[in-house]
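# Notes for the structure review
This is what each chain is made of:
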Amino acid sequence: MRIRIVEQTGSTNSDILGEAGAVEGDWLIALDQSAGKGRQGRSWISVEGNFYGSTLVEVMAGDSPAQTLSLAAGLALIEAVDIAVPGQALMLKWPNDLMLLGRKLAGILLERSGDRIAVGFGVNLAGAPELDGRQAASLNGEVGPQSFAPLLAGSFARLLSLWRSSEPGLLAHAWLARAHPIGTPLSVHTGKDETVSGRFAGLEQDGALRLAMDGGAIEIVRAGDVVLD
């Protein structure tokens, strides 16, 4: 495992994906990002003292479905925060957010190029940026990026091994134990500028969201942004 910390980069995901010599287990941690990215093309706002880091996964024959890697990443993230700052009211929100008291504390972005996947993490360790239409939280500087990096790297290595050795349903079950409860009302905004509302009904084994609609039908949602109603 190699953890490299730099003062500034454009995007840790783009940089580690584009680095020819990078191998699985490498981490790139930036103290500042000038072009950080979130889901659906959003900018990830850089605040001094927050965490911006990416690691590389090389997809191999026999691995679990690549889309289930987000479950492993979410579990690694919540585990690392539990260790760094115990006792926080944390909750995973589908598909790739970590919430603190109902506000966004962290996000995960997976980007793929061939058989290489960059798994990027943005965590509000020191300050909560202003987000359009959403509320953010922070850990108020109780842990710094340099201290948090090895905790997250260790948790992710363990969860990556579990991702490779276990049935996908095991990770889905573990993820659900730290997520918004079954039956939670929510709305999903899809990339097609559509909104689907219902109640959380769990996950498919591949990590897709199960949404219970009025009348009892279950809709399977594979991409979108969730708002808890």
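Our subject is the structure that appears above.
Not measured: the values here are computed from a predicted model.

Rules behind the numbers
- Residues numbered from 1 in each chain as written.
- Predicted model: local features only at pLDDT ≥ 70, side-chain atom pairs only at ≥ 80, totals over all residues.
- Heavy atoms only, no water.
- Core = buried A, V, L, I, M, F, W, Y, C linked by side-chain atoms within 4.5 Å.
- Buried < 20%, exposed > 50% of the residue type's maximum accessible area, 1.4 Å probe, protein only.
- Helix = DSSP H or I, 4+ residues; strand = E, 2+ residues; numbered from the N terminus.
- Contact = heavy atoms within 4.5 Å.
- Axes fitted to C-alpha atoms, helices over the stretch in contact; angles between N-to-C directions.
- Parallel < 35°, antiparallel > 145°, perpendicular 65-115°, else oblique.
- Left-handed = near helix turned anticlockwise from the far one by under 90°.
- Polar contact = N/O pair within 3.5 Å; in protein donor to acceptor, adjacent residues only side chain to side chain.
- Phe/Tyr/Trp six-rings, centres within 6.5 Å; stacked < 30°, edge-to-face > 60°.
- Pairing = 2+ DSSP bridges.

## Some thoughts on the nonpolar core
Judged by nonpolar contacts, the single largest core of 54 residues is most densely connected at Leu-77, Phe-121, Phe-148 and Phe-156. With ten residues, the single largest contributor to this core is helix α2 (residues 69-84). If near-sequence neighbours (up to four positions away) are discounted, Phe-156 is found in contact with Trp-27, Thr-55, Val-57, Leu-69, Ala-73, Ala-76, Val-119 and Phe-121.

## Concerning unusual backbone geometry
Here the bond from Trp-94 into Pro-95 is cis, since omega is 0°, no more than 30 degrees from zero. With respect to the secondary-structure elements, Pro-95 resides in the loop between β4 (90-93) and β5 (97-100). The backbone of Asn-140 shows a phi angle near 55°, a positive value even though the residue is not glycine. Looking at where Asn-140 falls in the secondary structure, it is placed in the loop between β7 (116-123) and α3 (145-165). On the basis of relative accessible area, Asn-140 is assigned to the exposed category, the value being 61%.

## Observations regarding the packing of α2 against helix α4 (residues 168-176)
Where α2 contacts α4, the two axes come as close as 9 Å, and the packing angle between them is 40°. The angle between α2 and α4 places the two elements in the oblique class. Between α2 and α4 the crossing geometry is left-handed. Here Leu-71, Ala-72 and Leu-75 of α2 come into contact with α4, specifically with Leu-171, Ala-172, Ala-174 and Trp-175.

## So, the side chain of Asp-63
Assignment of secondary structure puts Asp-63 in the loop between β3 (51-58) and α2. Its relative accessible area of 16% is what places Asp-63 among the buried residues. A distance of 2.8 Å separates a polar atom in the side chain of Asp-63 from the backbone nitrogen of Met-60. A polar atom in the side chain of Asp-63 sits 2.8 Å from the side chain of Arg-164. Ignoring sequence-local partners within four residues, the contact set of Asp-63 consists of Glu-58, Trp-163 and Arg-164.

## Focus: the packing of aromatic side chains
Using the criterion set out here, one finds four aromatic pairs in the structure. Ring centres 5.8 Å apart and planes at 25° place the aromatic pair Trp-27 and Phe-121 in the stacked group. Of the two residues, Trp-27 is situated in strand β2 (residues 26-30) and Phe-121 in strand β7; the sequence distance between them amounts to 94 residues. For the pair Trp-27 and Phe-121, a shared accessibility class is recorded, and that class is buried. For the ring pair Trp-27 and Phe-156, a centre distance of 6.2 Å and an interplane angle of 90° mean the geometry is edge-to-face. Note that Trp-27 is positioned in strand β2 and Phe-156 in helix α3, a separation of 129 residues in sequence. Residue Trp-27 is classed as buried on the basis of its relative accessible area, which comes to 3%. Taken together, the aromatic side chains of Trp-27, Phe-121 and Phe-156 make up a single cluster linked through ring pairs.

## Some remarks on the sheet that holds β4
Across the sheet, which stays open at both edges, the seven strands sit in the order β1-β2-β3-β7-β6-β5-β4 with mixed pairing between neighbours. Across the chains shown, the open sheet's two edge strands, defined by having one partner strand only, are β1 (2-6) and β4. Going from strand to strand, the sheet's axes swing by 20° on average, the running direction of each strand aside. Strand direction decides the pairing type here: β5 and strand β6 (residues 103-113), joined by four bridges, are antiparallel. Considered in β6, the bridge of Asp-97 is made with Gly-107. Its contacts with the sheet put α3 on β1, β2, β3 and β7, and the angle it makes with β3 is roughly 30°.

## So, the sheet that holds strand β9 (residues 195-203)
Read from one edge of the open sheet, five strands run β11-β10-β9-β8-β12, paired in antiparallel fashion. Of all the strands in the sheet, just β11 (218-221) and β12 (225-228) have a single pairing partner and so form its edges. The mean angle between the axes of side-by-side strands here comes to 45°, regardless of whether they run parallel or antiparallel. Here strand β8 (residues 185-189) pairs with β12 via four bridges, running antiparallel. Looking at β12, one finds that His-189 is bridged to Asp-225.

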